[in-house]
Amino acid sequence: MLRYQIIPVTPFQQNCTVFWNEETMKGAIVDPGGDLALLNKFIDENNIEIEKILVTHGHLDHAGSVAEMATQRGVPIIGPHKEDKFWIDGMPAAAQQYGFPEALAFEPDQWLENGDKVEAAGVSFDVVHCPGHTPGHVVFVQPEDKVAMVGDVIFKGSIGRTDFPKGDYQQLISSITDRLFSLDLDITFIPGHGPTSTLGFEKQTNPFVSDTALG
Ligand SMILES: [Zn+2]
Ligand SMILES: [Zn+2]
């Protein structure tokens, strides 16, 4: 049985997610953007063995503590897509700009492509490349447990910003409607910020990407 815990981190309240297998206690973490002490406390108090760090995209609040945690735990960094390299390389400067603690750039052990699979916590996650918010943004989908970590692609009632360098509104809409809405609509998604929702609920009600909104 896959378990997960959402732990909001950084002043941006980014939903870092720890997930693990209840029998083996092996797990992984998605987007450890900051507040490493808080994350380590949860992981260690629950005796979870983190095997991998998964990254949805290269924004500071999602990836700011990735390098430090990877070094501390000696685990590989998986993702995002290579198109986000410029964001990751820019994190040290972004940290200064936003008054965040020091954030180290890194080179992932594996860049991801659409259709890749990532084994973690004893299950397999499907990788969906969803550019638009950032060009290299990926989403992790676990089809059997019907849960997805979608970063800043879609939120409950909203979608990601596209006013950053290499952001693209139409591309983001296509990522959501062509790629995410073609998945099982019962899937619960954990967005990068705010409450969870399901793909089906957003397809019906989201003012940016619902069937009615898009006519
Ligand atoms: Zn973002
Ligand atoms: Zn974010």
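Every value quoted in this text rests on a predicted model; they were computed, and no experiment measured them.

Analysis parameters
- Residues numbered from 1 in each chain as written.
- Chains lettered and ligands numbered in written order.
- Predicted model: local features only at pLDDT ≥ 70, side-chain atom pairs only at ≥ 80, totals over all residues.
- Heavy atoms only, no water.
- Helix = DSSP H or I, 4+ residues; strand = E, 2+ residues; numbered from the N terminus.
- Contact = heavy atoms within 4.5 Å.
- Areas by Shrake-Rupley, 256 points an atom, 1.4 Å probe, with all protein chains shown as cover.
- Lys, Arg positive; Asp, Glu negative; His and termini not counted.
- Charge placed at Lys NZ, Arg CZ, Asp CG, Glu CD.
- Salt bridge = Lys/Arg side-chain N within 4 Å of Asp/Glu carboxyl O.
- Buried < 20%, exposed > 50% of the residue type's maximum accessible area, 1.4 Å probe, protein only.
- Donors = N, O, S within 2.8 Å, 3.2 Å for Na, K, Ca; no water.
- Tetrahedral: all angles 85-135°; square planar, octahedral: opposite > 155°, others 65-115°.
- Pairing = 2+ DSSP bridges.
- Phe/Tyr/Trp six-rings, centres within 6.5 Å; stacked < 30°, edge-to-face > 60°.
- Lys NZ or Arg CZ within 6 Å of the ring centre and 35° of its normal.

## Section: the overall build of the chain
When helices and strands are tallied, the chain shows seven helices and 13 strands. Considered along the principal axes of its C-alpha atoms, the chain spans approximately 50 × 40 × 30 Å. Partitioning the contacts of the chain with sequence separation of at least 6, the portion at a separation of at least 24 is 59%. Entry remark: accessible area of the chain is about 9300 Å², with carbon and sulfur atoms responsible for 51%. Side-chain charges of the chain comprise 14 positive and 30 negative groups, with the mean position of each set lying 1 Å from the other.

## Comments concerning the pattern of salt bridges
Within this structure, the stated rule accounts for eleven salt bridges. Taking the shortest distance from any N to any O, the salt bridge between Glu 22 and Arg 3 comes out at 3.0 Å. Here Glu 22, found in the loop between strand E2 (14-21) and strand E3 (26-30), pairs with Arg 3, found in strand E1 (residues 2-9); they are 19 residues apart in sequence, far enough to count as distant. Overall, the relative accessible area of 36% leaves Glu 22 in the partly exposed class. Taking relative accessible area as the criterion, Arg 3 reaches 37% and is therefore assigned partly exposed. Here Lys 203 ties to Asp 211 by a salt bridge, and the two come within 3.0 Å at their closest N and O atoms. Judged by its relative accessible area of 22%, Lys 203 falls in the partly exposed class. Residue classification places Asp 211 among the partly exposed positions, given a relative accessible area of 45%. Through salt bridges with shared partners, a single ionic network connects Lys 85, Asp 89 and Glu 107.

## A word on the coordination of the zinc ion (ligand 2)
Within the first shell, the zinc ion (ligand 2) binds the protein through Asp 61 (OD), His 62 (NE2), Asp 152 (OD) and His 193 (NE2), at distances of 2.1 to 2.6 Å. For the zinc ion (ligand 2), the four donor atoms in the first shell make angles of 85 to 154° at the metal, a pattern classed as irregular. Counting residues between consecutive donors of the zinc ion (ligand 2) along the chain gives the motif D-H-x89-D-x40-H. Here the zinc ion (ligand 2) and the zinc ion (ligand 1) are spaced 3.5 Å apart, linked through Asp 152, which binds each one. Within this pair, whereas His 62 is found in helix H2 (residues 60-63), its partner His 193 is found in the loop between strand E12 (188-191) and strand E13 (197-198), the two being separated by 131 residues in sequence. For the pair His 62 and His 193, one class covers both residues: buried.

## Thoughts on the pairing of strand E6 (residues 117-120)
Only one face of E6 is covered, namely the one carrying Val 118 and Ala 120; the face carrying Lys 117 and Glu 119 has none of its residues buried. Alignment of E6 against strand E7 (residues 123-129), held across four bridges, turns out to be antiparallel. Paired with Ala 120 across the strands is Val 123, a residue of E7. In textbook terms, the turn of a hairpin is the stretch between consecutive antiparallel strands, and for E6 and E7 this stretch comprises two residues, one of which, Ala 121, has a positive phi near 55°.

## Here we look at the packing of aromatic side chains
All chains considered together, the criterion is met by seven aromatic pairs. On the numbers, 5.3 Å between centres and 35° between planes, the contact of Phe 86 with Trp 87 is tilted. What makes Phe 86 partly exposed here is its relative accessible area of 31%. Judged by relative accessible area, Trp 87 falls into the buried class, the value being 17%. Geometrically, the ring pair formed by Trp 87 and Phe 164 is edge-to-face, given 5.7 Å between the ring centres and 90° between the ring planes. Of this pair, Trp 87 sits in helix H4 (residues 85-89) while Phe 164 sits in the loop between strand E11 (158-159) and helix H6 (169-180), placing them 77 residues apart in sequence. An aromatic cluster is built from Phe 12, Tyr 98 and Phe 100, whose rings are joined through pairwise contacts. Directly above the ring of Phe 86 sits Lys 166, whose terminal nitrogen or CZ lies 4.8 Å from the centroid.

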